[in-house]
Amino acid sequence: MPNKPRLILGIFNRERFLSNSKQIIIGIIALVVFVAVWWEVSLTLKLSYVPAPDAVSNAFFTSFGKVEMSLGTTMWGNIAASLQRFAIGFIFAFIIALPLGLLMGFFRIADSFFKPIVEIFRPMPPIAWVPVFLLIFGLFWGPVMVIFLGVLFPLLSNVIFGVKSVDAPLIDAARTMGANRFALFTKVVMPYTIPYIMTGITIGLGIGWMCIVAAEMIGAVGGGVGYYISYMSQIGRYDFMFAGMVVIAILGIVTVGASRFVEKRLNRRMGIK
Amino acid sequence: MTLTIEHLVKEFPKEKEMLLAIDDFNLEVKEREFVCILGPSGCGKTTLLRIIAGLETKTSGSMRLDGREIAGPGRDRGMVFQEFALFPWRTVRKNVEFGLEIRRIPTAERTKTAEEFINLVGLKGFENSYPYQLSGGMKQRVGIARALANNPEVLLMDEPFGALDAQTRNMMQKELLRIWQQTKKTVIFITHSVDEACYLADRIVVMTTRPGTVKEIFTIDLPRPRDRVSVEFANLRKKVLAELERETIVNTVAAP
């Protein structure tokens, strides 16, 4: 049955197209309703910290062109600063989580050793570390470390889960072809884990953006979108504050979307639906 | 090549006691022979095959390949799995090359050998396909090519066509006989289908229900390709089926 729709390709695609466009139309309606309600609320309340959509949109476009004197950069500069921290924290988390997860999934001794430590730190919200990290690591590495922690655990859990989910027949097949433990690890376990790593990356990205903004709001050096938001709030430019929030939303949507796209393609190749 | 199994016993720990899965199993398989092991489900036939493959350990008895006691997996015994067990991230070619890669055979030779066996199983043109792009029958062709590319002495097949539909299954049986005749390998084939065993085997070993042991061995001298609707084939089926059914019924009645 699952192959059947392919035989009637034309009709199948048309139906799918109709249902897709229906979804998109409903989505657009929802967005329009949301903006309308927001507009109405801001006009009714007449509060400076609930700016209308047009004010936010103006601020949004202005922010990319205008150099903010006290920050010494445009929104582009802030995005670059945030992305840089984000990337560094993320890469460090990846470098640690990948081998550690593979070891913990494959060797029981490694699991017994690291598990208690991991379990202590996992439930702590990364943001709770912000004050400590700012003191220990300073205004640049502090926020980076917060991202590192935020991304580390979802990635680690997914790698371990991936290693433990390896199909037993694949291990059997490799063994009957003469694979030793090392070959099992490098040629079966590691490739098998890749889609799980990708899922970890997608989840990590989402959490990472929450962490960086929170960290930058408390303190950062060299700007950053989170820092921009908190600065604009302090000087009472709430339209620009909201524009910063929109930027974070876009960054999150783009990165998580890209990661999810890669994840889907990988899953397809790996035969996972 | 001779595989000799003598007084093989396999016990599994189950809760506090030991469960006897295979008891005093004896069999000798000769070079180029096609042996089907037939038995009711749960009789330990898969366990037996896994012990031959070296994936499980035996409790006692002996199992020798050309006089050498089997200890652990080895490339002299290739295995084909019911669930295909193909590596989903590898193309057909890369799957078939797996064993050669493990043995560090040079790339050029690897590619040549893989090509040879891909052609043998009739998958020319699908070298660069991924398993998810193949049908069940094609997947198992890859499974067979992969096991053979490693040049084993015995091909162990664990209900290899069990996951296929009836029509594909019949075709794959025919294909397997062709491949077997071309490669001249010894085959030990596990199945619970009487029809399949009668169509394929030189000898059919009927196993008892647990604890599994040899109940009866049928030697089949019908020429190949066998005609499934001939009188001789029907008579053979009847004989084997009667033996298998007696076993199943006796134990169903005896069980509380």
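Below you will find a few notes about this structure.

About the cut-offs
Residues numbered from 1 in each chain as written. Chains lettered and ligands numbered in written order. Predicted model: local features only at pLDDT ≥ 70, side-chain atom pairs only at ≥ 80, totals over all residues. Heavy atoms only, no water. Contact = heavy atoms within 4.5 Å. Buried area = accessible area lost by both parts, 1.4 Å probe. Salt bridge = Lys/Arg side-chain N within 4 Å of Asp/Glu carboxyl O. Helix = DSSP H or I, 4+ residues; strand = E, 2+ residues; numbered from the N terminus. Pairing = 2+ DSSP bridges. Axes fitted to C-alpha atoms, helices over the stretch in contact; angles between N-to-C directions. Core = buried A, V, L, I, M, F, W, Y, C linked by side-chain atoms within 4.5 Å. Buried < 20%, exposed > 50% of the residue type's maximum accessible area, 1.4 Å probe, protein only.

1. Examining the interface of chain A and chain B
Opposite the 19 residues of chain A that make contact, chain B presents 25 residues. Across the interface of chain A and chain B, roughly 2,000 Å² is buried in total on both sides, 69% from carbon and sulfur atoms. It is A:Thr176, A:Met177 and A:Lys187 in chain A that bury the most area against chain B; as a group they hold 35% of the surface buried on that side. Inspection of the chain A/chain B interface yields 2 salt bridges. Where B:Arg50 meets A:Asp172, a salt bridge forms, and the shortest distance between an N and an O atom there is 2.8 Å. Of all the secondary-structure elements, those providing two or more residues to the side of chain A that touches chain B are α7 (168-176), α8 (181-218) and α10 (238-269) of chain A.

2. Here we look at the sheet that holds strand β4 (residues 60-65) of chain B
Residues and elements named next belong to chain B. Here 4 strands make up an open sheet; going across it, the order is β2-β1-β4-β5 and the pairing antiparallel. Every other strand in the sheet has two partners, leaving β2 (17-29) and β5 (68-69) as the edge strands with one partner each. Here strand β1 (residues 3-14) runs beside β4; their pairing, made up of 5 bridges, is antiparallel. What sits directly across from Leu 3, in β4, is Leu 65. Along the sheet, helix α1 (residues 45-53) contacts β1, β2 and β4; its crossing angle with β1, the most-contacted strand, is approximately 115 degrees.

3. Describing the environment of A:Leu170
Structurally, A:Leu170 can be placed in helix α7. Residues A:Leu170 and A:Val188 lie 18 residues apart in sequence; the distance between their C-alpha atoms is 7.3 Å. Ignoring sequence-local partners within four residues, the contact set of A:Leu170 consists of A:Val188, A:Tyr192, B:Ala85, B:Leu86, B:Phe87, B:Pro88 and B:Trp89.

4. Here's the deal with the pattern of salt bridges
By the definition in use, this model includes 23 salt bridges over all chains. Between B:Arg90 and B:Glu101 there is a salt bridge, with the nearest N and O atoms lying 2.8 Å from each other. With B:Arg90 in the loop between β6 (77-80) and α2 (92-96) and B:Glu101 in helix α3 (residues 98-102), the pair connects residues that are 11 residues apart, well separated along the chain. When salt bridges with common partners are traced through the structure, they connect A:Asp172, B:Arg50 and B:Glu56 into a single cluster.

5. Quick word on the nonpolar core
Formed by 100 residues in total, the largest nonpolar core has its most connected members in A:Val188, B:Leu3, B:Phe25, B:Ile52 and B:Ile188. Considering every element that reaches this core, the biggest residue donor is α8(A), with 16 residues. What B:Leu3 contacts, discounting residues up to four positions off in sequence, is B:Leu27, B:Glu28, B:Val29, B:Ile52, B:Met63, B:Arg64, B:Leu65, B:Ile70 and B:Ile188.

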